[in-house]
Amino acid sequence: MYRPDDADLLRTVADFLAGIAPGLSSEARYQALVCQHILAMLARAAELRPPEDHTPARVLAAEIRAGAHDAHWETLLARLLEDATARLALIKPDHIAPSTTP
Amino acid sequence: MPASPSELEAGFAAALARRWGGQPAVRLAFQPSLGGSNRTLVFDVTHAGQTRRLVSREESFAQSHSPFLTPSQQFHLLQRVHGAGIRAPEPVFAYDSADALGPGYVMAHVAGESLPRRLLADTSQHPQLAAELACELAKLHALGPELGVELAKLPESGDPVAALTARIDALDEPHPALEAGLRWLARNNLPPSGKTLVHGDFRTGNFLAESGRLAALLDWECSHLARPAADIGWFCTRSWRFGRIAQQAGGLATRAEFLRLYAQAGGAAPDLEEVRWWEIFGLIRWAMYNMLQGLGHVHGRRSPAYAACGRNVALMEYDLLMTLRGKYD
C-alpha cells in the first residue's frame, strides 16, 4: 500500500501547475492550464475506480511478523522480490538491476 | 508564523534585541528554503560594529509521536557536542514563547557545501573527506552515552528493531517487504550493550564540506543512544551513494576502507557483518521516513516532492529484498 493514491498524485501535479502558471509566458501558461485540465480529468477517473483492497497485504505482513513464513524464507523472498520488481516497473524501471542470467 | 522577508527580519531583529540589547541591523541573506519539516533562514546581522551570519531553524509543524528531537532537545544537544569539540554548528540561542519566530533555535552559520552531487563531483577529494568524517565520527562516539543522557528514554535508544517497528505501525500502511526485513533483523538482532551517543542521521547530504575538508556535521534531530555501527551503517546505506554504488560509505570510500579510517582515528571499529545489519536496518528506516512524508502530504503538508515519497518506498523495498537475497552486497 502506498500513499498518496493515484487521484491525489494527479491532483497534486494539477495544483502545482496551477500555482506556477501565472509566472509563465503566455503560451506556456496556456498549455499549463490545459495540462491542469487533463490531470483533473484523470483524477476524476481515478476517484471512480474501486479502492484497492489492502487486506491481502495486511494479512501477509502480519504472517511474516508472526514468523509464519520463516520455514520457507527463500521462497517468501523470491515472491516478494517478484512483486517488488513488478511495482518498480511502474514506479521507476531504471532502478531494476539488469538481469545477470542470460 | 510571519511570512514576508521584512516580517522575518523584524522578528529576528526583535529576538536579538531582547537578548543582546541595542538595535541589531538584520538582513535576510537568502530566500528561505523549506526542507523536510523545518524552516531554515539565514540572516546577516550587524551589532555593536560586528557583522556575523546566523542561521535560524524553526520547526514548521509539530507532529505527535514525531521521530525527531524537539528544537529544545536539538539545541541542548548542540550545546553539549559543540562544547565537547565536535565539528557541529555553534548554538547561539533558543527561541522562547515571547519571540515571533520559533519554536526553534539560532546557530552560527558555517560556510560549505552540503549538496551531495556537488560534494562528490571531485573524486580526488574523497579520501581526505572520508578520513575526516571517520575521524569526527570516532570522536563523537568516544564522548560516551553520558553526553546523551537526555536521549536515553527515546524509543530509538532502546531496542532499535522494536522502535522502528513501532514507527512503521503508527503509519498504518502494510508493507510485506519491510516486514520481511524487520523479521530478518529481529532474528539476527544485536546485543543491547555497547551504546553511545550517535549522530543518528550521518549521511552524505548532512555535512558541510569545503575543498575536501569537513566543516560541520548538520541535522542532529535524530540523535539517540546506539551502538556506533548504527551511524556507520546508516552512512553506508545504499540509498545515498549517489550513483557510486561500489563506494558504500556515502559514495566516498568502500565500507572496509571507512572502517579502517575509523579505527585509525581511534574508534572501536565494528565488524563488517554488523555494518551490513545496519544497512538493512537503514533501508527499512529510510522507507519509514518516506512513508511519513507521503502520509504528511495526505494530511496537508503538500508538495509534489512529498507526494512522490510514498512511491519511493518501492525502491527501498527492492533494494532490501535484493540485499536479503544476496544479490546486492
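The structure this text deals with has already been given above.
So, how was this worked out
Residues numbered from 1 in each chain as written. Chains lettered and ligands numbered in written order. Predicted model: local features only at pLDDT ≥ 70, side-chain atom pairs only at ≥ 80, totals over all residues. Heavy atoms only, no water. Disulfide = S-S within 2.5 Å. Core = buried A, V, L, I, M, F, W, Y, C linked by side-chain atoms within 4.5 Å. Buried < 20%, exposed > 50% of the residue type's maximum accessible area, 1.4 Å probe, protein only. Helix = DSSP H or I, 4+ residues; strand = E, 2+ residues; numbered from the N terminus. Contact = heavy atoms within 4.5 Å. Expected span 1.5 Å × (residues − 1). 1 Å grid on protein atoms, 1.4 Å probe; cavity = no way out; pocket = protein on both sides within 12 Å on 5 of 7 lines; lining within 4 Å. Points joined across faces, edges and corners; volume = space filled by probe spheres on them. Nonpolar A, V, L, I, M, F, W, Y, C, P; charged D, E, K, R; others polar.

This model, assessed by the stated rule, comprises 0 disulfides over all chains. Cys135(B) takes part in no disulfide bond, and the closest cysteine sulfur to it belongs to Cys236(B), at a distance of 17 Å.

Here the focus is the nonpolar core. Within the largest apolar cluster, 49 residues are counted, with the highest numbers of intra-cluster contacts made by Leu185(B) and Ile284(B). Mapped onto this core, the elements with two or more residues apiece are helix H3 (55–65) and helix H4 (73–91) of chain A together with helix H5 (160–170), helix H6 (176–187), helix H7 (229–236), helix H9 (272–298) and helix H10 (304–324) of chain B. Looking at this core element by element, the count peaks at 12 residues for H9(B). For Ile284(B), the residues in contact, after removing those within four places along its chain, are Leu164(B), Ile168(B), Leu178(B), Gly181(B), Leu182(B), Leu185(B) and Leu320(B). Grouped together as the second largest cluster of nonpolar side chains are 41 residues, Ala29(B), Leu77(B), Trp220(B) and Ala249(B) included.

With that settled, the discussion passes to helix H1 (residues 5–20) of chain B. Given 3.6 residues per helical turn, the α-helix brings residues three or four places apart onto the same face. Residues and elements named next belong to chain B. If you check H1, its first and last C-alpha atoms are 22 Å apart, about what 16 residues at 1.5 Å a residue would give, namely 22 Å. What H1 keeps buried is the set Leu8, Glu9, Gly11, Phe12, Ala13, Ala15 and Leu16. With its phi angle positive at about 75°, Gly21 sits one or two positions after the end of H1.

This part takes up the layout of surface pockets. Here the second largest pocket defines a volume of roughly 970 Å³. In terms of lining residues, the second largest pocket is bounded by 30 residues, among which Met1(A), Tyr2(A), Glu52(A), His54(A) and Arg311(B) are the most central. Those elements that provide at least two residues to the lining of the second largest pocket are helix H1 (6–20), helix H2 (26–48), H3 and H4 of chain A together with H6 and H10 of chain B. With 6 residues, H4(A) is the single largest residue contributor to the lining of the second largest pocket. Broken down by class, the residue content of the lining of the second largest pocket amounts to 16 nonpolar, 2 polar and 12 charged.

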